[in-house]
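Residues per chain, in single letters:
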Amino acid sequence: MDKSQKTLLSGIQPSGRPHIGNYFGAMKQFVEMQSSHDCYFMIVDYHALNTIQDAKVMRQNILDLAIDYLAIGLDPKKSVIFKQSDVAAHTELAWIFETLTTMPYLSRAHAYKDSEAKNKEISVGVFNYPMLMAADILLYNTDVVPVGADQKQHVEITRDTAEKFNRIYGDIFKLPEAHILANVAVIPGIDGRKMSKSYGNTIPLFSTDEEIEKAVMGIVTDSSGGVPKNVYEIHKLFRSESDLMKLYEEKAGKYKDLKEALIVDVKKFIGPMRDRRDELTKDSDAVLKILRDGGDRARKVADKKMDEVREKVGVKLY
Ligand code: ADP
Ligand code: TRP
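Figured I'd write up the structure that's included with this text. (Residues numbered from 1 in each chain as written. Chains lettered and ligands numbered in written order. Predicted model: local features only at pLDDT ≥ 70, side-chain atom pairs only at ≥ 80, totals over all residues. Heavy atoms only, no water.)

**Points about the pairing of strand β3 (residues 79-83)**
Within β3, five of the five residues are buried, leaving the element largely enclosed by the surrounding structure. Where strand β2 (residues 37-43) and β3 come together, five bridges link them in parallel fashion. Looking at β3, one finds that Phe 41 is bridged to Ile 81. (Buried < 20%, exposed > 50% of the residue type's maximum accessible area, 1.4 Å probe, protein only. Helix = DSSP H or I, 4+ residues; strand = E, 2+ residues; numbered from the N terminus. Pairing = 2+ DSSP bridges.)

**Quick notes on the pairing of β2**
Across the seven residues that make up β2, a large majority, seven, are buried. Alternating residues of β2 divide into His 37, Cys 39, Phe 41 and Ile 43 and Asp 38, Tyr 40 and Met 42, and every residue in both groups is buried. The sheet contact formed by strand β1 (residues 6-12) and β2 spans seven bridges and is parallel. Counterpart to Lys 6 in the pairing with β2 is His 37. Once you follow β1 into helix α1 (residues 20-33) and on to β2, the crossover reads as right-handed. (Right-handed = clockwise from strand over helix to strand, strands pointing away.)

**With respect to the site of ligand 1**
The immediate surroundings of ligand 1 are formed by 17 residues, with His 19, Asp 150, Ile 187, Ser 196 and Lys 197 found nearest. Take Gly 148: an N or O atom from its main chain is 2.9 Å from an oxygen atom of ligand 1. Contact between ligand 1 and Asp 150: an oxygen atom at 2.3 Å from a side-chain N or O atom of the residue. Considering ligand 1 on its own, with 540 Å² of exposed area, one finds that the protein chains cover 90% of that surface. (Near = heavy atom within 4 Å. Polar contact = N/O pair within 3.5 Å; in protein donor to acceptor, adjacent residues only side chain to side chain. Areas by Shrake-Rupley, 256 points an atom, 1.4 Å probe, with all protein chains shown as cover.)

**A closer look at helix α8 (residues 152-169)**
Between its first and last C-alpha atoms α8 spans 26 Å; for 18 residues at 1.5 Å apiece the expected length is 26 Å, and the two agree. Among the residues of α8, those classed as buried are Gln 153, His 154, Val 155, Ile 157, Thr 158, Thr 161, Ala 162, Phe 165 and Asn 166. Following α8 by one or two positions, Gly 170 has its phi on the positive side, about 110°. (Expected span 1.5 Å × (residues − 1).)

**Brief notes about unusual backbone geometry**
Even without glycine at this site, Asn 141 takes up a positive phi of about 50°. For Asn 141, a relative accessible area of 32% puts it in the partly exposed group.

**Notes on the site of ligand 2**
In the vicinity of ligand 2 there are 14 residues, among which Gln 13, Tyr 129, Met 133, Asp 136 and Gln 151 approach most closely. When ligand 2 sits alone it has 360 Å² of accessible area, and the protein chains cover 89% of it. Within the residue set of the shell around ligand 2, elements represented by two or more residues are β1 and α7 (124-138). Residues that form the shell around ligand 2 fall into these classes: eight nonpolar, five polar and one charged. (Nonpolar A, V, L, I, M, F, W, Y, C, P; charged D, E, K, R; others polar.)

Rendered as structure tokens:
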């Protein structure tokens, strides 16, 4: 690791196929920032246990996300690619943070409030979710956390938690910054709401051509102006706005033509990435080895930090 470079860390839950919202909102930045930062990219499997309680599905999702990471261009030679459950210090540090954090403070977290508003039965794991995320980030002296806008509050909670620990026990945690790309902060789904796995309104990142056609044709269009907003918002991820301006002027009101143009652009973009993914799928042993090696590298850094934490809180006697 190059000491002059800033440290970057991010994670994604292995909770199903990633979509273009995940890619343009978060994953693309991962790839771009690899050459200028010391990077850690995680598969946050312990976070995902809140929603996936089927071992077979979990195992498959972890392997799939590892392959997705490699297919988009994350490179194990440049970055540490690992899964959270391989580094026990994450859950250990989360516990310590939980002893410092109050219930009213965590009750203000959006994710918890959303679940509560939906009258969902909320597990302690969902309630404490931000504490585990704070541990993920702070164990590695992280400077930058590239995420979509919906994760901004979690990074703020991480900063608050670091400050609180530093105030009580002495300065050991660096305060991280969220890195959110403004123009892709919230990518709409085919129904116009935020694109999300949980809304079933996605264009999957590694879609087949048929899936792309079906998803794009299903984009909800408003019938007011000549420019179908949802189509345009997605289209601008794949083409420059000056290009699009011409096209959308020429085809004003012709929604079907515009959708067809979008299909061509999405296919052109996804095709090569999907081919790379298919190649990687053929050698899952190699992918598992990358994860195992990444876990070994991450553990070295995290365990050292955890040891300092134990010292600070007074439980380290030898
Ligand atoms: P989902 O809502 O589909 O379950 P996740 O919560 O797993 O997505 O998010 C993984 C990453 O992708 C996060 O950094 C998140 O901020 C980003 N992300 C998810 N959906 C979008 C979106 N519609 N627009 C921009 N970024 C997104
Ligand atoms: N909460 C993030 C999400 O749902 C995932 C996550 C867990 C994460 N730990 C992290 C992201 C640490 C960045 C850094 O998308």
